[in-house]
Amino acid sequence: MEEIRQLLQAVLNIDFIRAVISNPRGKEGIIRVKVRPLEKKGKLLFQFESFTEKQAFHRNLEKEEAQEQFLAYAEQFRQMQIETVEEEYTVLISKKGKVTVRKKRRKEKAQAADLAHNRRKHYILEEGRAVPFLKDLGVMTEDGKIVRTKTDKFRQINRFLEFVEDILPGLDRGRELTILDFG
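Residues numbered from 1 in each chain as written. Predicted model: local features only at pLDDT ≥ 70, side-chain atom pairs only at ≥ 80, totals over all residues. Heavy atoms only, no water.

Draft legend 1. Structural detail: the nonpolar core. With 25 residues, the main nonpolar core has V35, F48, F70 and I82 as its most contacted residues. Where this core is concerned, the elements lending two or more residues are helix 1 (2–11), strand 1 (16–24), strand 2 (32–40), strand 3 (43–51), helix 2 (63–76), strand 5 (77–84) and strand 6 (87–93). Ranked by residue count, the leading element in this core is helix 2, at five residues. Sequence-distant contacts of I82, that is, excluding residues within four places in its chain, are made with L7, L8, V11, F16, R18, A19, E87, E88, Y89 and V91. Residues V131, V139, M140 and F154 belong to the second largest nonpolar core, which totals eight residues. (Core = buried A, V, L, I, M, F, W, Y, C linked by side-chain atoms within 4.5 Å. Buried < 20%, exposed > 50% of the residue type's maximum accessible area, 1.4 Å probe, protein only. Helix = DSSP H or I, 4+ residues; strand = E, 2+ residues; numbered from the N terminus. Contact = heavy atoms within 4.5 Å.)

Structure, rendered in C-alpha cells:
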C-alpha cells in the first residue's frame, strides 16, 4: 500500500479534480465512493461521498485524514480512478494486495475542480429571471422566484430543454421544427 500512500501524497492538492473508488470486495455495505476537493473556511478539504444501495454519506476531510481514508478504502475495494489537472491514474489492487498504478498524462490540462461547497446548478431557464410561460404555469412568481411546490416541474422543464439543446446542432436549419411531447 506504500505505492498508494506516495501517489496520494503527490495528488491530494489544489490540482486534484476527482476520484472514484469502485469494485468492492464484499457484497454488503458501501458499493462506491466519489471524492472531490472543496474549500471551506479557507481550507482545502476532500469530500468523500460513499454510496450504499439506498443511501449516500458525506464526510469532509483534511489531506492527512483523506489519505488515511483512501488507504482504508484500498483494503475494501479493488479499483481507484484518480484525476488531476495534468494526469489520470488507475489504481488496481489484487486479492493478495498487489498494487498496480497506471499513469496517463493528459494531452491538454483539464479545468481545475470547482471548490465551492454548495455548487449551484446551471439551468437553461435560470431562477431569478422571470419567464412568461413559467409564470402562466404557476411554476414561477412575477419576480422570477420558483414556487416552492413547483421545483420538480421547474427541473423537469429544464431537463427537457437540455435534450432539445443537445440535438439542435444536428438539425437542418432550413426546415420547420416540430416537437412532440408525449405525457
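Draft legend 2. Broad picture of the layout of surface pockets. In this model, the second largest pocket occupies a volume close to 240 Å³. Contributing to the lining of the second largest pocket are 10 residues, with K153, Q156, I157, F160 and D181 lying nearest its centre. The greatest single-element share of the lining of the second largest pocket, amounting to seven residues, is contributed by helix 4 (residues 151–167). Taken together, the residues of the lining of the second largest pocket sort by class into five nonpolar, two polar and three charged. (1 Å grid on protein atoms, 1.4 Å probe; cavity = no way out; pocket = protein on both sides within 12 Å on 5 of 7 lines; lining within 4 Å. Points joined across faces, edges and corners; volume = space filled by probe spheres on them. Nonpolar A, V, L, I, M, F, W, Y, C, P; charged D, E, K, R; others polar.)

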